[in-house]
Amino acid sequence: MESSRAARRDHRARSSRRRPLPYIALAAVAVVGVTAGGTVYVKAHAHSGVVSSAAAPSASASASASGSREATVEPVTQPTVDYDALLAKAMKSVTPTGDQKVSVAVLDLTSGESATYGSTAFDTASIVKVDILATLLLQAQDAGRQLTATEKSYATTMIENSNNDSATALWDIIGKAGGLGTANKTFGLTGTTGGDGALWGLTQTTAADQLILLQQVFGDDSKLSSASQSYIQGLMKQIEADQQWGVSAAADGSKWALKNGWLARSTTGLWDVNSIGRVTGEDGDTYLVAVLSKGSTTQTKGISLIEAAAKAGVAAFGKNGGSSTAASASASASASD
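Treat the numbers as computed from the prediction; the structure is a model and nothing was measured.

Novice: Quick question: what am I supposed to make of the overall build of the protein chain here?
Specialist: Check the secondary structure of the protein chain and you find 11 helices and 9 strands. The proportion of buried residues among the 337 residues of the protein chain is 42%. Taking contacts inside the protein chain between residues at least 6 apart in sequence as the whole, the part at least 24 apart equals 65%. For the protein chain, the exposed area adds up to about 17600 Å²; of that, 52% sits on carbon and sulfur atoms.

Here it is, written out as structure tokens:
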């Protein structure tokens, strides 16, 4: 009897050891996503079943691998603004008549963007006086000397009053066209040729070259010293009252520095009228502007033409011009002479 009870106990013990124990293993499966704002998030879902730690990647590894695939963001390329096209479009509002031709170059000193309309060469007339003074100052720098009192007197009347005798005196001092050409090579001008002999007013130049010259006078990267730059700028801010026209038409009030040129050609009786300088526009940006023209029947008509061109040139870059019309401007629009 005792043996029978012992046999039953042994049978129950063996049955208990063989009976499988119920269990549930929870495995965390990482699901990685990216929000609309670019933030990576991870969700864990529980599943029943046995997961071997050797066979399944960890949640952090899965998140990293999946995140590297799903969270990759392609760089956004900003559209390129064709400022030459914008300037050409703006210049459609300027209507030369008869034999008039006009060319404009603009540099936004605030953004560093620039554009040119037209590539024709023009007579400088008196705008070459800025180039003459810049050449004189560069030569003085190279010689390690200051301008003489006489040179300063000539410079003042040449720029502020556009005195021709003073210009002729300094033209001779710098070595005429040869001296101007040497300095311009240093400055980076490539499309300017000095007038023959004493004819400094018949120096040939382009709007693009005049923009380079203006950068030497007003820009940070200049061959002129800061003292030389300040000297020319000061004179260009003191132009006599009856000559305060031209690129100043595009300025916000009196925020300008300029030099104008005007010349009636004896061969045709038509006028060359030009203006170069720096203006602060109504948008608060600072611009270098060069406007050259020829073929006007009167000086007054020439002034009206270049002032309209200066306004159009600055408007092409302004907050209500370039930034708002960039998308609609035709990339195929080209500058014309």
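Moving on from the coordinates now.
Novice: It is not clear to me how the nonpolar core should be interpreted in this structure. Could you clarify?
Specialist: For soluble globular proteins, nonpolar side chains are generally found buried alongside one another. M91, I132, L133, I232, V289 and V291 are the most contacted members of the largest nonpolar core, which totals 74 residues. With 9 residues, the single largest contributor to this core is helix α4 (residues 128–143). In contact with I232, other than residues within four places in its own chain, are V130, L133, A134, L137, V217 and L224.

Novice: Can you walk me through the sheet that holds strand β8 (residues 271–280) in this structure?
Specialist: Hydrogen bonds between backbone groups are what pair the strands of a sheet, and the pairing can be parallel or antiparallel. Read across the sheet, 5 strands follow the order β4-β3-β9-β8-β7 without closing on themselves; strand pairing throughout is antiparallel. Looking at strand neighbours, the two that pair on one side only are β4 (114–117) and β7 (256–264), the edges of this open sheet. Recorded for the sheet is a direction-independent mean angle of 5° between the axes of neighbouring strands. Sheet topology places strand β3 (residues 101–108) next to β4; 4 bridges connect them, and they run antiparallel. For V104, the partnering residue across the bridge sits in β4 and is Y117. Seen against the sheet, helix α3 (residues 83–90) touches β3 and β4 and runs at an angle of roughly 45° to β4.

Novice: Explanation requested: the packing of α4 against helix α7 (residues 176–187) in the structure shown.
Specialist: Any two packed helices are characterised by how steeply their axes cross, that is the angle between the axes, and by the distance between the axes. Here α4 crosses α7 at 80°, and the two axes come no closer than 9 Å. Here α4 is positioned roughly perpendicular relative to α7, judged by the angle of their axes. Seen from α4, the contacting residues are V128, D131, I132, A134, T135, L138 and Q139; seen from α7, they are G179, L180, A183, N184, T186 and F187. Taken together, the residues of the contact of α4 with α7 break down into 7 nonpolar, 5 polar and 1 charged.

Novice: Which parts of the structure should I look at to understand the packing of aromatic side chains?
Specialist: The relation between two aromatic rings is expressed through the spacing of the ring centres and the mutual angle of the planes. Evaluation of the coordinates by the stated rule reveals 3 aromatic pairs. Connected via pairs of aromatic rings, a cluster forms that spans Y83, Y287 and F317. Positioned over the ring face of F122 is K294, at 5.2 Å from the centre of the ring.

Novice: Can you walk me through the packing of helix α5 (residues 149–160) against helix α6 (residues 164–174) in this structure?
Specialist: Viewed as axis vectors pointing N to C, α5 and α6 meet at an angle of 130°, and their least axial separation amounts to 8 Å. Relative to α6, α5 is oriented oblique. Every pair of crossing elements has a handedness; the one defined by α5 and α6 is left-handed. Taking contact as the criterion, the partners of E151, Y154, A155, T157 and M158 in α5 are, on α6, S166, A167, A169, L170 and I173.

Novice: Which parts of the structure should I look at to understand the pattern of salt bridges?
Specialist: If you walk through the whole model with that rule in mind, you get 3 salt bridges. R265 is paired through a salt bridge with D123; the nearest N and O atoms lie 2.6 Å apart. A residue pair is termed long-range when its members are at least 10 positions apart, and R265 in the loop between β7 and β8 and D123 in strand β5 (residues 122–123) qualify at 142 residues. According to the relative accessible area criterion, R265 is partly exposed, its value standing at 26%. Across the pair K255 and D252 runs a salt bridge, and its minimum N-O distance is 3.8 Å. The exposure class of D252 is partly exposed, given its relative accessible area of 31%.

Novice: Would you explain α3 in this entry?
Specialist: Most of α3 is tucked away, with 6 of its 8 residues classed as buried. With a side-chain oxygen lying 3.2 Å from the backbone nitrogen of D84, the N-terminal cap of α3 falls on D82.

Novice: I would appreciate a short explanation of the confidence of the model for the protein chain in the present structure.
Specialist: Detail in the predicted coordinates should be disregarded across regions flagged by low pLDDT. Per-residue confidence for the protein chain averages 81 on the pLDDT scale, and 71% of its residues sit at or above 70. Low pLDDT (under 50) marks residues 1–68, which in the prediction has 51 contacts with non-local residues, meaning those over four places away or in another chain.

Novice: Is there a simple way to think about the environment of V104 in this case?
Specialist: Structurally, the position occupied by V104 is in strand β3. When its relative accessible area of 0% is taken as the criterion, V104 is described as buried. Considering only alpha carbons, one finds V104 and A312, 208 residues apart in sequence, at a separation of 9.4 Å.

Novice: Explain the side chain of T135 to me, please; I cannot follow it from the model alone.
Specialist: Residue position: T135 is located in helix α4. A polar side-chain atom of T135 sits 2.9 Å from the main-chain carbonyl oxygen of D131. The contact partners of T135, leaving out residues within four places of it in the chain, are I174, G179, L180, A183 and F187.

Novice: Where do I start with the pairing of β4 in this structure?
Specialist: On a regular strand, each side chain points to the face opposite its neighbour's, so the side chains alternate between the two faces of the sheet. By the alternation rule, side chains of β4 split into A115 and Y117, which are all buried, and S114 and T116, of which none is buried. Once β3 ends, the chain turns through 5 residues before running back antiparallel as β4, passing G112 with a positive phi of about 85°.

Calculation notes
- Residues numbered from 1 in each chain as written.
- Predicted model: local features only at pLDDT ≥ 70, side-chain atom pairs only at ≥ 80, totals over all residues.
- Heavy atoms only, no water.
- Helix = DSSP H or I, 4+ residues; strand = E, 2+ residues; numbered from the N terminus.
- Buried < 20%, exposed > 50% of the residue type's maximum accessible area, 1.4 Å probe, protein only.
- Contact = heavy atoms within 4.5 Å.
- Areas by Shrake-Rupley, 256 points an atom, 1.4 Å probe, with all protein chains shown as cover.
- Core = buried A, V, L, I, M, F, W, Y, C linked by side-chain atoms within 4.5 Å.
- Pairing = 2+ DSSP bridges.
- Axes fitted to C-alpha atoms, helices over the stretch in contact; angles between N-to-C directions.
- Parallel < 35°, antiparallel > 145°, perpendicular 65-115°, else oblique.
- Nonpolar A, V, L, I, M, F, W, Y, C, P; charged D, E, K, R; others polar.
- Phe/Tyr/Trp six-rings, centres within 6.5 Å; stacked < 30°, edge-to-face > 60°.
- Lys NZ or Arg CZ within 6 Å of the ring centre and 35° of its normal.
- Left-handed = near helix turned anticlockwise from the far one by under 90°.
- Salt bridge = Lys/Arg side-chain N within 4 Å of Asp/Glu carboxyl O.
- Polar contact = N/O pair within 3.5 Å; in protein donor to acceptor, adjacent residues only side chain to side chain.
- pLDDT = per-residue confidence, 0-100.

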